[in-house]
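Residues per chain, in single letters:
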Amino acid sequence: MASELSGKRRALPVIRHWLFNFSVAFFPTVLLLVLIEIVFRAVLFYGDVKVLNAFKNIGQESHLGDGTKPVTLRQMIQHSNNPRIIYELIPDISVLFMNKPVTINSHGFRGPEYNAIKGDKTIRIVGLGDSLMFGWGVGDDEHYLALVSQHLNQSSPNGYMWEIINTAVPGYNTAMEVETLKVRGLQHNPDLVIIGFIGNDLSLPNFIRKKENYLSLRRSFVAEYFLSQLSQQRRHLHDGFIDSPLNASGDDVEKDPSRVPVQYKDMVGPDAYRSAMAELKALSLRYNFQVVAFTTYFPAFVEEILRDLDVPILEAGDAFSVYMSEHGIKAYEGSPLTVSKRDPHPSALGHTILADVLYNHIKNSGVQSRIFQRRGW
C-alpha cells in the first residue's frame, strides 16, 4: 500500500508538468482562434452595413439599361426603408425580364409615367399584388391591369381618364401589399383598390433582409465560412438579401409564424392575412375608396375572412374553365394559358381573360357608378 501511494505521489508532479506544458501550448491557440473569430465577425458586420447603405438607393445611382438587358428579379429590386415592405422595385429602369419588356416608372411601379397629382377628371385604380398582378412573364402592355386600363379608357365618356397604378411586386405577401398602399399608394388618392390573391400571400416574400446575430456564442462564423467553401455551397449575392427559408417539406416558402425570423412573425399565416385585410377595409372607409379582392378561386378560409370583413370578392376561375372547355384544353398547367409548361403564371392569353373579368365587373357591378357618384359626376 505504501509503495502504491509513493508511486502516485511521484506521478503527480509529472501530471502537473504535462498539464502546464499543455496549457502553455493550448491557451494561446484558443486565444488566437477567439481573436480570429472576433475579427471575422467584425469584418462581416461592417460589410453588411456597407452593403445595406450601398443598396438602399441603388436606383438613384445606376440604371440597368435601355430595355435590352436581360435581368433577374433580384437585379430589379432594392432595399425599402420600411422594414414591413423589405424590398421594392428600382425606379426608372427598362429591362428584359423573362425575355419580355418591363418598364418601371419613376415612382418605382410597373407601367407608364403619371402625374402624382390626380386630375379633376381622372379616375384612379391602385393595384396591390405580387407576381401575377405584376405580370410575370408578359410584356408591359400584356398584363391584365394594363389591358383593363385600355378597355376602360376606350369606353369612358369624353374628357374622363382612367389611370391604373400597378404597385405589385413579385414575391410580396398581403401584409407587404397593404403596407405599400399605406406609405406609397394613398398619396395618389385612389378611387378603387384592387388587391390580388394567390397561394403564397400568406408566406414570406421571395427575399428577406440578411440579419445575423454577430454576438451569438452558439456558432462559429469562421467555421461556417470554411465549411461552405469546402462544400461549395451557393453563396448569396452581396446585396444584403437572402432567400427566404422553405417550409418543412421544402416545397414552398415558409408561412408558419413559429418558423420564421422573429421580425416577420406578424406578416405570415392566416392571422396576418386577416389583420392586413382588416386594415385595408378600415383604410377604405377612412379614405373613401372601394376595394375588390381578385383571384381565380379563393380558398374557403380566405373567402370566409373576406366575407367576415365585408370585402367584395371577384373570381375569374369560371371564365378560365369556360375558355378551356370551348377550346378543348383539358388541363391548365402547361396549356397556352400559362407562361410555359413549367411556369403556371398566366400567359398573355391568360391575362386577357383576367382583364375581361375585371373590366366587366367594374362596368356592370356598380363600381363605376359609385365612383362617379363619389366624385360628383
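Just so it is clear, the structure is predicted and the values come from calculations on it, not from any experiment.

**Some details on helix α7 (residues 270-287)**
Along its 18 residues, α7 runs 26 Å from first to last C-alpha, staying within 8% of the 26 Å computed at 1.5 Å per residue. What α7 keeps buried is the set Ala272, Tyr273, Ala276, Met277, Leu280, Leu283 and Ser284. Viewed along the axis of α7, the buried residues span an arc of 130°, placing them on a single side of the element. Residues of α7 that are exposed and point over 90 degrees away from its buried face: Asp271, Leu285 and Arg286. Elements that come into contact with the buried residues of α7 comprise β6 (122-128), α5 (174-185), β8 (192-196), β11 (290-295) and α8 (300-308). Asn288 sits one or two residues past α7 and shows a positive phi near 60°.

**A word on empty space enclosed by the protein**
Going through the model one piece at a time under the given rule, you end up with two cavities of 30 Å³ or more. By volume, the largest cavity amounts to about 100 Å³. Taken together, 14 residues form the lining of the largest cavity, with Leu132, Tyr144, Gly196, Phe197 and Phe294 sitting closest to its centre. Across the lining of the largest cavity, the residue classes tally to eight nonpolar, four polar and two charged.

**As for the pattern of salt bridges**
Under the criterion given, the structure shown has 16 salt bridges. Of the charged contacts in the structure, one is a salt bridge between Glu179 and Lys182, with a shortest N-O distance of 3.4 Å. Taken together, the residues span about one helical turn, with Glu179 and Lys182 both in helix α5 at a distance of three residues. Among the residues examined, Glu179 registers a relative accessible area of 9% and is labelled buried. Owing to a relative accessible area of 32%, Lys182 belongs among the partly exposed residues under this scheme. Two residues, Arg374 and Asp191, come together in a salt bridge whose shortest N-O distance is 2.3 Å. Highlighted residues: Arg374 in helix α11 (residues 367-374) and Asp191 in the loop between α5 and β8, separated in sequence by 183 residues. We classify Arg374 as partly exposed; its relative accessible area is 30%.

Basis of the calculations
- Residues numbered from 1 in each chain as written.
- Predicted model: local features only at pLDDT ≥ 70, side-chain atom pairs only at ≥ 80, totals over all residues.
- Heavy atoms only, no water.
- Helix = DSSP H or I, 4+ residues; strand = E, 2+ residues; numbered from the N terminus.
- Expected span 1.5 Å × (residues − 1).
- Buried < 20%, exposed > 50% of the residue type's maximum accessible area, 1.4 Å probe, protein only.
- Arc of directions from axis to C-beta.
- Contact = heavy atoms within 4.5 Å.
- 1 Å grid on protein atoms, 1.4 Å probe; cavity = no way out; pocket = protein on both sides within 12 Å on 5 of 7 lines; lining within 4 Å.
- Points joined across faces, edges and corners; volume = space filled by probe spheres on them.
- Nonpolar A, V, L, I, M, F, W, Y, C, P; charged D, E, K, R; others polar.
- Salt bridge = Lys/Arg side-chain N within 4 Å of Asp/Glu carboxyl O.

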